[in-house]
Structures are given as C-alpha cells and as structure tokens.
Amino acid sequence: MEKAIKLKVRKELSGQEQQNIIKLKGSLISKGYTEIIHILDQDDDFHINSFETAPESKNEVQEFIAAFITRENLTDTITLFR
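Cut-offs and rules
Residues numbered from 1 in each chain as written. Predicted model: local features only at pLDDT ≥ 70, side-chain atom pairs only at ≥ 80, totals over all residues. Heavy atoms only, no water. Pairing = 2+ DSSP bridges. Helix = DSSP H or I, 4+ residues; strand = E, 2+ residues; numbered from the N terminus. Core = buried A, V, L, I, M, F, W, Y, C linked by side-chain atoms within 4.5 Å. Buried < 20%, exposed > 50% of the residue type's maximum accessible area, 1.4 Å probe, protein only. Expected span 1.5 Å × (residues − 1). Arc of directions from axis to C-beta.

Participant: Explain the pairing of strand β2 (residues 38–41) to me, please; I cannot follow it from the model alone.
Facilitator: Two faces make up the sheet, and in a regular strand the side chains alternate between them. Judged from the 4 bridges that link them, β2 and strand β3 (residues 46–53) form a sheet pairing that is antiparallel. Paired with aspartate 41 across the two strands is histidine 47, which belongs to β3. With antiparallel pairing between neighbouring strands as the criterion, β2 and β3 make up a hairpin whose turn holds 4 residues.

Okay, here's the thing in structure tokens:
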C-alpha cells in the first residue's frame, strides 16, 4: 500500500454536501480501497484528505471517485488530485 490518492475538500459545506462527502469516504472504506483516511488543513478554505490504496487499484479508485463527484454534483466541493 502506498499513499496514492489525495482529495481537496472545501471546508464550508452544506448539510447535503457533508452527507455526500461522508458517503464517499464510507464507500471507499467499505469497498476495501483503504482502511483510514487522513485529513489535514491546507488553508482557511480547504482540507486535504489522503489515503493509501494498493497500486494496482489506483486507477479504479480514481474512476470511482470521479464518477461519485459527478453523480452527486460535488464538482465545486471536492477535487481529485492526480
């Protein structure tokens, strides 16, 4: 496992956005992509969420996250670092 995925998450979120972010993180854990997600402050506006995943799963995880962001209309809330 290596720290392979980073997400930039806006700090100021609506209730629905918060629920969707929690749903995304729960899905990443329940699907076995990671066991823990680390959260660090980037600045006054954003957190950086990072997690380790198996190198062979990296593309699959990125595709899952991108699809989730699109489906839940979170493009202004969360960004996938590549």
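Continuing now.
Participant: Whenever I open this one, the nonpolar core confuses me. Can you help?
Facilitator: The nonpolar side chains of soluble globular proteins are, as a tendency, buried together. Core analysis: the biggest nonpolar cluster contains 18 residues, and Ile5, Leu7, Leu24, Leu28, Phe51, Ile65 and Ile78 have the highest contact counts within it. When residues of this core are traced back to their parent elements, those giving at least two are β1 (2–10), α1 (15–30), α2 (58–71) and β4 (78–81). With 5 residues, α2 is the largest single contributor of residues to this core.

Participant: How do you make sense of α2 when you look at a structure like this?
Facilitator: Given 3.6 residues per turn, any residue in an α-helix points the same way as the ones three and four places further on. Spanning 14 residues, α2 covers 20 Å between terminal C-alpha atoms, matching the ideal 20 Å at 1.5 Å per step. For α2, every residue scored as buried is listed here: Val61, Gln62, Phe64, Ile65, Phe68 and Ile69. For α2, the angular spread of the buried residues around the axis is 160°, confining them to a single face. Facing away from the buried side of α2 by more than 90 degrees, the exposed set consists of Asn59, Glu63, Thr70 and Arg71.

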